[in-house]
Amino acid sequence: MPPVARFRSVVIDCPDPHALAEFYARISGGTPKAQDADWVVLPVPDGPRLCFQRAPGLTPPEWPRADRNAQQFHVDFDAGATWEEMDAAHEKVLALGARPLDLEDSGKKDFRVYADPAGHPFCLCRIEHA
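Any details on the environment of A88? Residues and values, ideally.
With respect to the helices, strands and loops of the structure, A88 is situated in helix α2 (residues 83-96). Residue A88 is classed as partly exposed on the basis of its relative accessible area of 34%. Here the alpha-carbon distance between A88 and P43, two residues 45 residues apart in the chain, equals 24 Å.

I'd like a rundown of the packing of aromatic side chains, residues and numbers included.
Counting across every chain of the model gives 7 aromatic pairs. Seen from their ring centres, Y24 and F122 are 6.0 Å apart, and the 75° between their planes marks the pair as edge-to-face. Linking Y24 in helix α1 (residues 17-28) with F122 in strand β8 (residues 121-125), this pair joins segments that are 98 residues apart in sequence. Judged on exposure class, the residue Y24 and its partner F122 are both buried. Centre to centre, the rings of Y114 and F122 are 5.5 Å apart; their planes meet at 25°, and the pair counts as stacked. The class for F122 is buried, based on a relative accessible area of 0%. One aromatic cluster is present, built from ring pairs that chain together F23, Y24, F52, F77, Y114 and F122.

Before we move on, can you summarise the side chain of R112 with the specific residues and values?
Along the chain, R112 falls in strand β7 (residues 111-115). Looking at R112, the relative accessible area reads 7%, which means it is buried.

Which residues make up α2, and what values do they have?
Over its 14 residues, α2 runs 20 Å from end to end, which matches the ideal 20 Å to within 8%, given 1.5 Å per residue. Within α2 the residues assigned to the buried category are M86, A89, H90 and V93. Along the long axis of α2, the arc covered by the buried residues comes to 110°, so they all point the same way. The outward face of α2, more than 90 degrees from its buried face, is lined by the exposed residues E84, E91, K92 and A95.

I'd like a rundown of unusual backbone geometry, residues and numbers included.
Backbone geometry at D46 places phi at a positive 55°, although glycine is not the residue there. In this fold, D46 is placed in the loop between β3 (39-43) and β4 (49-54).

Just give me the short version of the pattern of salt bridges, but keep the residues and values in it.
Throughout the structure, instances matching the rule amount to 5 salt bridges. One salt bridge connects R54 with D38, and the closest N-O pair in it is separated by 2.6 Å. Residue R54 is located in strand β4, and its partner D38 is located in the loop between β2 (33-36) and β3; the two are separated by 16 residues in the primary sequence. Taking the relative accessible area as the measure of exposure, R54 reaches 29% and is therefore partly exposed. Sharing partners across several salt bridges, the network here consists of D110, R126 and E128.

Rules used throughout
Residues numbered from 1 in each chain as written. Predicted model: local features only at pLDDT ≥ 70, side-chain atom pairs only at ≥ 80, totals over all residues. Heavy atoms only, no water. Helix = DSSP H or I, 4+ residues; strand = E, 2+ residues; numbered from the N terminus. Buried < 20%, exposed > 50% of the residue type's maximum accessible area, 1.4 Å probe, protein only. Phe/Tyr/Trp six-rings, centres within 6.5 Å; stacked < 30°, edge-to-face > 60°. Expected span 1.5 Å × (residues − 1). Arc of directions from axis to C-beta. Salt bridge = Lys/Arg side-chain N within 4 Å of Asp/Glu carboxyl O.

Structure representation (structure tokens):
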């Protein structure tokens, strides 16, 4: 069956689109391009286009709750194949302003969950490359 449409972007609502685009650019690469004060596009190298849209009064999700104000999506990042790479990525995202949401059993799971500066969940994942 042919597709109905082509995938274009993931749009993230946030109070400050310029700051959040810069945060994600420092994690994934790319250069944010402001369209105006309320909309910033981040073309991610080898990935999707992330867009950041101003949403005054945004209430961030209450991870991992599903009964009220649940997350609607999250972004996964490949942080490398080794635990050393994961640990290095962990330190770097914390330095950028991320907040850990779930580090329990971090040596047993291949992912770690964080909140970005606007409160959206994202994961650093350990991916064994073949």
